[in-house]
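# Geometric and topological summary
Listed below are the residues making up each chain.
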Amino acid sequence: DIAGHSYGITSDPLTQFSVVFSAIIHDLDHPGVPNAQLVKENTRSAQIFKKSVAEQNSVELAWSMLMGTEYEALRACIYHTEDDLRRFRQLVVNTVMATDIVDKELQALRKARWETAFAETPVQDASFSSDDCKATIVIEHLIQASDVSHTMQHWHIYKSWNEKFFMECYAAYKAGRADCDPSKNWYRGEIGFFDFYVIPLAKKLDSCGVFGVSSHEYLNYAQSNRDEWAREGEGIVNEYLVRYEDMTTIQ
C-alpha cells in the first residue's frame, strides 16, 4: 500500500482486476438515454431490472459473455475457487452499480457511508473503520471518477468528451427520446455538475489519499475546467449546435 492509503486494494490482484473490468464493461450496450427514459419507454431491460436499468443490463451482458466457452482461459486467470468467483462478481456488481449517480437514494447512501468512514473524528463503529469497508467505499468513488475522468484532465480532453456527450443527448432529443432540449441548459448544467459533483468527488479522492500526490492534479484540472467552461461554455454550446446541424445535413 502507498503510505497505507489504498486500504488493501493495491495488494489484492482480484480487487484490482475487478475495478478495471468494471470500468471496461460499465457502459456495455448503453442505449444513449438515461434510465428514466428507459423506464418511460418500458423497454425490455426496464421490465427486467426496474432500478439502475442500464447498469444492471451492462453487468448481465458482460457476465454472460465472460461465462462463455471462449473465455475459459481468462476465467482461469481471474479466479480459482467458488469463493473467488463470488467475490469477483460481488465486486463487479457493486462497482458498476456505483456509476448510477442519478439515483438519489443510492447516492445518499454512498455519501453517508463515505462521511462515516472518513470522518475527521473517528467513528466507533468497526463496520465502517475496517480496511475492507473503506476499500469498498473508495472503489465506488474510483469508478465514479473514471466515469467522468474527462472532467479531471486537460481542457481539450474535457471539451472533446463533453461534445460527444452533448451530441448523444441532443440526438436523443431530436429522435423524440427526451422531453427537453439539452442545449437550453447545457451551459449552466455543466457548471452545476462541476460544483456539486465533480469537484466534491475530486476532493474526496484527494482527502482519502488513495491516489497520492496525483489527486491534487485531478482536483486542479477539475477546478480549471470549471472556470474555463464558465468563461467559454455558452459559445461552445452554440458551436456544438452548428456542428450537429452540419453533421445531420451531410448524412
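Residues numbered from 1 in each chain as written. Predicted model: local features only at pLDDT ≥ 70, side-chain atom pairs only at ≥ 80, totals over all residues. Heavy atoms only, no water.

Enumeration over the complete set of coordinates arrives at 17 aromatic pairs. Consider the rings of Tyr-7 and Phe-118, whose centres lie 5.7 Å apart with planes at 70 degrees: the pair is edge-to-face. Of this pair, Tyr-7 sits in the segment before helix H1 (13–25) while Phe-118 sits in the loop between helix H7 (104–117) and helix H8 (126–129), placing them 111 residues apart in sequence. Considered together, Tyr-7 and Phe-118 belong to a single accessibility category, that of buried residues. Through pairs of rings, three or more aromatic residues link up here, namely Phe-165, Phe-166, Tyr-170, Tyr-173, Trp-186, Tyr-240 and Tyr-244. Across the ring face of Trp-63, the terminal group of Arg-89 is positioned such that the distance to the ring centre comes to 4.9 Å. In this structure, Lys-164 is placed above the aromatic ring of Trp-161, and the distance from its NZ or CZ to the ring centre is 5.5 Å. (Phe/Tyr/Trp six-rings, centres within 6.5 Å; stacked < 30°, edge-to-face > 60°. Helix = DSSP H or I, 4+ residues; strand = E, 2+ residues; numbered from the N terminus. Buried < 20%, exposed > 50% of the residue type's maximum accessible area, 1.4 Å probe, protein only. Lys NZ or Arg CZ within 6 Å of the ring centre and 35° of its normal.)

Moving on to the pattern of salt bridges. The full count for this structure, using the stated rule, is 13 salt bridges. Its salt-bridge partner being Lys-51, residue Asp-103 comes within 2.8 Å of it at the nearest N-O pair. Of the two residues, Asp-103 sits in the loop between helix H6 (82–97) and H7 while Lys-51 sits in the loop between helix H3 (44–49) and helix H4 (53–66), which places them 52 residues apart along the sequence. For Asp-103, a relative accessible area of 14% corresponds to the buried category. The class of Lys-51 is partly exposed, set by a relative accessible area of 37%. The shortest N-O distance in the salt bridge between Arg-226 and Asp-195 comes to 2.9 Å. Within this pair, whereas Arg-226 is found in helix H12 (residues 214–250), its partner Asp-195 is found in helix H11 (residues 186–208), the two being separated by 31 residues in sequence. For Arg-226, a relative accessible area of 22% corresponds to the partly exposed category. (Salt bridge = Lys/Arg side-chain N within 4 Å of Asp/Glu carboxyl O.)

Within the secondary structure, His-150 sits in the loop between helix H9 (131–147) and helix H10 (155–174). Of the residues examined, His-150 reaches a relative accessible area of 17% and is grouped as buried. Once you skip the residues sitting within four places of it in the chain, His-150 turns out to touch Ile-157, Tyr-158, Trp-161, Asn-162 and Asn-225. (Contact = heavy atoms within 4.5 Å.)

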